[in-house]
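Here is what each chain is made of, one letter per residue.
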Amino acid sequence: MSQGSQLIQDNFRDNRLPHIWCPGCGHGIITRAIAQAIDNLNLDKDKVCVVSGIGCSSRATGYLNFNTLHTTHGRALAFATGIKLARPELKVIVITGDGDATAIGGNHLIHSARRNIDITTVLFNNKIYGMTGGQSSPATPYHEKGTTSPYGTIDPDFDICKLAIGAGATYVARSTAYHVPQLTKHIQKAIAHKGFSLVEAISGCPTYYGRKNKKGDAVDLMHFYKDYALDVKMAEKVDPEKREGKFLIGEFANEERAEYVDEYMKIVERLRQEGSQDE
Amino acid sequence: MAKVKTKKMVKTIPEWCKACGICVAFCPVKILKLENDKIVVTDQEKCTNCMLCEMRCPDYAIYLEEQE
Ligand SMILES: Cc1ncc(C[n+]2csc(CCOP(=O)(O)OP(=O)(O)O)c2C)c(N)n1
Ligand code: SF4
Ligand code: SF4
Ligand code: SF4
Ligand SMILES: [Mg+2]
């Protein structure tokens, strides 16, 4: 028998629930927000394709009831690029983790952004490699701990949104598993946006990130996001001391630029015409 | 004037609840609690239908449903 809210019944493979994620893992919250965004946009479910790599985050494709593809570590964007070029009418959404997208898959991320291909990436950033037991990732904050950095990492962390903007992404936003309405709105705008969009969704991994860094349980992590997130629009107005230790959420880029599949199709069309003139 | 009745009921799926405590901690009117590691609604009447529990439950174990 089907269980759960209408949203869950309509958009999840509810016979696969409850999911595998740990108690209080933010990944479940973000996955629901993606389903809510798709639902709000009233998209034809057969025209949605969700692609993921490998990691706890990337397991989301197993639960979402759309066309889904669970690929190899770091390569979700490469698979997604193939899908988008072959079937441009599909809404292609990539679900990835901080490790998946910024370590092993870092090149795919920057070049997808550079091409401005019409793909939406939702990056579940729990600041650690959750699936493999808590190794530090390129998003582990400077001086914080993982199993591979027991004394605190000396590798400075990426600002993933700045990275995406620098590489050419045309819609970029950040939110957290605490700020669900904002997160949903950003994902919705990202999916509607034409071009490469990235939403960094800060997720709590109480099992490894929380424990290794003595940041407490799932509720403590949610309190942290509540207390330390600062909306980018507010940030300009508040006193510098109120910004101390805070991280920015909100929309960082929203612009238009030539899209990759369009450009590719223009060449195809031009060559077809030149070919027919030769006959 | 009669108090406006809330339209939706809070529903739970105890088998899906993993007792993370997120909904309990952030319910604005504090009507949720864990009993034997499963979610329980203590006072439906006070629910403001804010949806925060549903949006933030990582396990989809609590949600609001229209009453017949
Ligand atoms: C080619 C390859 N290298 C390494 C791994 C091991 N591995 C699996 S998941 C993962 C990291 C996942 O981290 P992240 O993307 O942040 O996802 P999370 O589990 O934190 O959600 C690694 C290194 C793998 N599966 N394949
Ligand atoms: S290890 Fe961390 S990221 Fe993976 S399911 Fe558990 S809490 Fe979530
Ligand atoms: S809808 Fe709001 S008020 Fe009602 S139980 Fe959920 S969090 Fe509490
Ligand atoms: S948020 Fe969900 S899983 Fe966590 S205690 Fe509440 S009902 Fe249970
Ligand atoms: Mg991770």
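For the structure itself, look to the data block above.
## Comments concerning the site of ligand 3
Point 1. Neighbouring ligand 3 are 13 residues, the closest being B:Cys27, B:Cys47, B:Cys50, B:Met51 and B:Cys53.
Point 2. Residue classes in the shell around ligand 3 are distributed as 11 nonpolar, two polar and no charged.

## A few points about the interface of chain A and chain B
Point 1. Facing 28 residues of chain A, the contacting portion of chain B comprises 18 residues.
Point 2. Regarding the contact of chain A and chain B, the summed buried area is about 2000 Å², with carbon and sulfur atoms giving 67% of it.
Point 3. Per-residue buried area on chain A facing chain B is highest for A:Gln3, A:Arg32 and A:Val219; these three make up 24% of the total on that side.
Point 4. Inspection of the chain A/chain B interface yields one salt bridge.
Point 5. A salt bridge links A:Arg32 to B:Glu54; its shortest N-O distance comes to 3.1 Å.
Point 6. Our enumeration of links across chain A and chain B arrives at eight residue pairs in polar contact (both at pLDDT 80 or more).
Point 7. Mapped onto the side of chain A that touches chain B, the elements with two or more residues apiece are helix H2 (26-40), helix H7 (180-192) and helix H9 (218-228) of chain A.
Point 8. With five residues, the top contributor of residues to the side of chain A that touches chain B is H9(A).
Point 9. Of the residues belonging to the side of chain A that touches chain B, the class tally is 17 nonpolar, eight polar and three charged.

## A closer look at the coordination of the magnesium ion (ligand 5)
Residues and elements named next belong to chain A.
Point 1. Each protein donor to the magnesium ion (ligand 5) is listed here as Asp98 (OD), Asn126 (OD1) and Ile128 (O); together their distances run 2.0 to 2.1 Å.
Point 2. Mapped onto the sequence, the donors of the magnesium ion (ligand 5) take the spacing D-x27-N-x1-I. The pair formed by asparagine 126 and isoleucine 128 is uniform in burial state, with each residue classed as buried.

Cut-offs applied
Residues numbered from 1 in each chain as written. Chains lettered and ligands numbered in written order. Predicted model: local features only at pLDDT ≥ 70, side-chain atom pairs only at ≥ 80, totals over all residues. Heavy atoms only, no water. Near = heavy atom within 4 Å. Nonpolar A, V, L, I, M, F, W, Y, C, P; charged D, E, K, R; others polar. Contact = heavy atoms within 4.5 Å. Buried area = accessible area lost by both parts, 1.4 Å probe. Salt bridge = Lys/Arg side-chain N within 4 Å of Asp/Glu carboxyl O. Polar contact = N/O pair within 3.5 Å; in protein donor to acceptor, adjacent residues only side chain to side chain. Helix = DSSP H or I, 4+ residues; strand = E, 2+ residues; numbered from the N terminus. Donors = N, O, S within 2.8 Å, 3.2 Å for Na, K, Ca; no water. Buried < 20%, exposed > 50% of the residue type's maximum accessible area, 1.4 Å probe, protein only.

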